[in-house]
Structures are given as structure tokens and as C-alpha cells.
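These are the residues of each chain, in order.
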Amino acid sequence: MRLSQVVRPGPGQFLCESGALNQLDQKLASFNNPVIITGELSYQAFKKHYSGSLNLPVFQYDGTASHEDMERLSSLIKKTDCVVGIGGGRALDTAKGTAELLKVEYVTIPTVLGTCAAYTPLSAVYHPDHTFKVVDYYEKAALLCLMDLDLLVESPKNYFMGGIGDTLAKYYEAEGITRHIEGNLPAMVQVGLKTAKVTQELLLKDSAEALKSLENTEVTDAFKRVAETVIAIAGTVGGFAGEYGRMAGAHAVHNGMSLIQETHVFEHGVKVAYGVLIQLWASGDEKEVRKLLLFFESNHFPHRFSDFAVKNNFLEKAKKVADFAASDNETFKLAVPGVTKEAIFEAMNAVEDFSKSVSGNY
């Protein structure tokens, strides 16, 4: 397996606390013409918690995170030395891509807890029709990633659950990939893998309390730990582990589920979390599936294919997911070399039956 040759540790500065937006003016003081790229709802959330004196030009992205929109924004922004991205993953990815085109610094301010986009120097780029295109990697990382916990504790729960699910997969996919590697791994890769283990331990321990904190709009220590895990710690896994910390079986299952219309209303990370169960079963780790089912049930994560509103033509749709996940263009084989579509289909049915038999019996 080829090792990614560039380590991407993260932003120049990371700030995560209640009232963090009160420091934004000072952090931007060295710039002459900063501008904001954001979405409508994200900017409303920002304004509710920002009490500074800056009155920056605001540019709305079009929701696509596409090269076309990045180019549109870069042509509209006539003069700037810093782009301040405010929003969720697509808004922040657009801001990063636009800053790259303009060759200027950028600052990220997440308004939801759905992805590690605020921390990573890359963008998941889509076509204008919202279909996935490519991942772009950038020469510069963010100058600052600023997380205001007072803002984030008011963010939507479904995004937070998606962020927890997607982050939980970091460890299981990285472990699934590296268990097949002979010999010692490079030191930086080992750092990334240890970080992935930290994400797993923190999420299994603190997610229930963190989700309750968000429901009560109360910033607790557990909420801060999980928020940092979803955005910052998760962002370091791939940054250090490179090719060894990439997507594997769980994401392949998610990608297969994208072919099933009923699943589209569910968050990306929630579907990835279900994919973790399938990857583990297909790799013979049934004991770990039992352990995780307790976490899934207690935190109300879907853990059966039927939980994703799939009712009609159930087996046909499950086979469609399995066929896609097992394809050579997908990443399941990184975790389970030589896996077949039949094995993934069998794992989906086994998890379905197993979770029903033990549901409520913990």
C-alpha cells in the first residue's frame, strides 16, 4: 500500500470554548480586507453569537461545494487577504477552495458538528448537480479553526449524530486497513492510528452525555470533548495516517446505500456508522458488533438496514448495496481483502438478524 507522503497536522491555531467568537476581531486584526463566505442559516447562527465590531463583506455560496462556485466567488471577491468560512462542511469546503484560488489565508468557523471540514486542508468537491466529483488537497491549512461552543450547542442534533457516526468509523476503518500490513508502520502513521483510537474511546464514553447536553443546550465537559473529537481529533487521523487512515468498508457501504432512495434522508455519518457494523461482521469481528450495538441502541442510531426506511424489495435493495460496496472501484476490500458481494450481503442479513435477537437484552 502506498503511504501518503505529506503529513497534514491541522490549522495554525485551534480555539474551542464558550464565547470563542469574542476573540475573532483580535484574530483578524493583522488583515486588511477579510471577507466572509457562508450560507444563509449559518450566517444567522454566527450573527447571534458574534458581538464584535467587524462589518465584513459577506458572500453566499450556492450550496454545491463545486469548482464552479469556487471560481464564481473568487471572481466576485475583488480584494481580500483572508477568507473567513462560516458554516457546515460544504460552506467551509467552498471557502477553503476559494481561498486557494485567491492565494490567501483562511479561517474556519463551524456552525454544525457534522464533519471535520473545519480542521482539514482539503475539500470534498461536488458537481453543480450535487454529485460527488473529487477531493482537493491544499498547500495551506487554516490559519485558525475557531469553535464557539455556545453556538455549536444550539446546532441541529441530526448533524451531531452524523458527525459522531462518521468519526466513530475513523478507528474501525483505519484498524481494518492496518491489520493486514506486515512490519512496522512509519512513526507518523502510528500517531494517526493512536489518534483514531482516542476518537473511538472518547465517543463510546461521552456521546450519550454530549447528545443530552445538546438537547438541553447546555455546554458540558462531555459536549466539548465530543465536539473536539468530531472536528479536531478526527481531522488529525487522516492528516497523520495518510493512506492508512482513509475510508474503507464502512464508507463503501454508505456509498452503496446512496443508490437506495429511501436512505437519502439520513445523515451521511449515520449511514457510515451502520457500515461499520457490516465491515466488522464481514471481517469476523462479531464480538465487536455486539459491543457496538449497545452504543447504537442507547444513542438511537439506526443499526439495521430496515431502520433506514427500506421496506419494499428489501433483499433486492440490500443486494444492490452489497454489489456496489464490493466493486473494485470501492474501498471495502481495503478492510477485508478479497471480500465478495455475497459476503457483504450475508453480513447485512446477519447484522439484521443478530441485532433483532439481542435488541433490548443488554
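What you see is a predicted model, and the numbers here were worked out from it, not measured in a lab.

Bringing the overall build of the protein into the picture now. In terms of helices and strands, the protein carries 14 helices and 8 strands. Radius of gyration (C-alpha) of the protein: 20 Å, near the 21 Å computed for a compact globule of 362 residues. For the C-alpha atoms alone, the extent of the protein along its principal axes is close to 60 × 45 × 45 Å. When burial is assessed residue by residue, the protein has 54% of its 362 residues classed as buried. Accessible area of the protein: about 15,800 Å², with a carbon and sulfur share of 50%. The centroid of the 35 positive side-chain charges in the protein is displaced by 1 Å from the centroid of its 44 negative side-chain charges.

Right, let's get into the packing of aromatic side chains. In total, this model carries 12 aromatic pairs according to the counting rule given. An angle of 55 degrees between the planes, with centres 5.4 Å apart, marks the rings of Phe-305 and Phe-314 as tilted. Each member of the aromatic cluster is reached from another via a ring pair, and the members are Tyr-43, Phe-46 and Tyr-50. Taking the ring centre of Tyr-171 as reference, the NZ or CZ of Lys-197 above it sits at 4.7 Å. Taking the ring centre of Phe-345 as reference, the NZ or CZ of Lys-319 above it sits at 5.5 Å.

What follows is about helix α8 (residues 221-241). Between its first and last C-alpha, α8 extends 28 Å over 21 residues, near the 30 Å set by a 1.5 Å rise per residue. The largest bend in α8 amounts to roughly 45 degrees and is located at Thr-229. Most of α8 sits out of view: 15 of its 21 residues are buried. Positive phi appears at Gly-242, one or two residues downstream of α8, with a value of about 60 degrees.

Right, let's get into the pairing of strand β5 (residues 105-110). With 5 of 6 residues buried, β5 is to be regarded as a mostly interior element. Bridge analysis of strand β4 (residues 82-87) against β5 gives 6 bridges, and the strand direction is parallel. Bridge pairing links Ile-86 to Ile-109 in β5. Each parallel crossover has a hand, and the one from β4 via helix α4 (residues 89-102) to β5 is right-handed. Here β5 runs beside strand β8 (residues 144-148); their pairing, made up of 2 bridges, is parallel. When the bridges of β8 are listed, Val-107 appears paired with Leu-144.

So, about a nonpolar patch on the surface. Together, Val-7, Met-188 and Val-191 give the surface a local cluster of nonpolar side chains, amounting to about 220 Å² of exposed area. Positionally, Val-7 belongs in the segment before β1 (13-17).

Turning to the sheet that holds strand β3 (residues 58-60), a few remarks are in order. Backbone-to-backbone hydrogen bonds pair the strands of a sheet. The strands run either parallel or antiparallel. Here 6 strands make up an open sheet; going across it, the order is β1-β8-β5-β4-β2-β3 and the pairing parallel. Strands at the two margins of the open sheet, each flanked by one partner only, are β1 and β3. Pairwise comparison of adjacent strand axes, ignoring direction, gives a mean angle of 20 degrees for this sheet. Where strand β2 (residues 34-38) meets β4, 5 bridges bridge the pair, whose relative direction is parallel. Bridge assignment links Val-35 to a residue of β4, and that residue is Val-83.

Positive phi values are uncommon outside glycine, yet Thr-217 reaches one of about 45 degrees. A positive phi is found at Ala-309, a non-glycine position, where the angle reads about 65 degrees. The residue Ala-309 is located in the loop between α11 (286-298) and α12 (314-325) in this model. Overall, Ala-309 belongs to the partly exposed group, its relative accessible area being 36%.

Attention now goes to the pattern of salt bridges. Taken as a whole, this structure holds 14 salt bridges when the rule is applied. Salt-bridge contacts for Arg-246 lead to Glu-243; the nearest nitrogen and oxygen are separated by 3.6 Å. The class of Arg-246 is partly exposed, set by a relative accessible area of 37%. The residue Arg-304 makes a salt bridge to Asp-307 at a minimum N-O spacing of 3.6 Å. Through salt bridges with shared partners, a single network forms among Glu-175, Arg-179 and Asp-285.

Taking 1.5 Å per residue as the helical rise, α4 with its 14 residues ought to reach 20 Å, and the 20 Å between its terminal C-alpha atoms agrees with that figure. For α4, the set of buried residues is Ala-91, Leu-92, Asp-93, Thr-94, Ala-95, Lys-96, Gly-97, Thr-98 and Ala-99. Contacts from the buried residues of α4 go to β2, α3 (67-76), β4, β5 and β6 (122-126).

Reading the values: rules and limits
- Residues numbered from 1 in each chain as written.
- Predicted model: local features only at pLDDT ≥ 70, side-chain atom pairs only at ≥ 80, totals over all residues.
- Heavy atoms only, no water.
- Helix = DSSP H or I, 4+ residues; strand = E, 2+ residues; numbered from the N terminus.
- Rg over C-alpha atoms; globule rule 2.2 N^0.38 Å.
- Buried < 20%, exposed > 50% of the residue type's maximum accessible area, 1.4 Å probe, protein only.
- Areas by Shrake-Rupley, 256 points an atom, 1.4 Å probe, with all protein chains shown as cover.
- Lys, Arg positive; Asp, Glu negative; His and termini not counted.
- Charge placed at Lys NZ, Arg CZ, Asp CG, Glu CD.
- Phe/Tyr/Trp six-rings, centres within 6.5 Å; stacked < 30°, edge-to-face > 60°.
- Lys NZ or Arg CZ within 6 Å of the ring centre and 35° of its normal.
- Expected span 1.5 Å × (residues − 1).
- Bend = angle between axes of the 7 residues up to and from the residue.
- Pairing = 2+ DSSP bridges.
- Right-handed = clockwise from strand over helix to strand, strands pointing away.
- Patch = residues over 30% accessible without salt bridge, like charges linked within 9 Å, V, L, I, M, F, W, Y side chains within 5 Å.
- Salt bridge = Lys/Arg side-chain N within 4 Å of Asp/Glu carboxyl O.
- Axes fitted to C-alpha atoms, helices over the stretch in contact; angles between N-to-C directions.
- Contact = heavy atoms within 4.5 Å.

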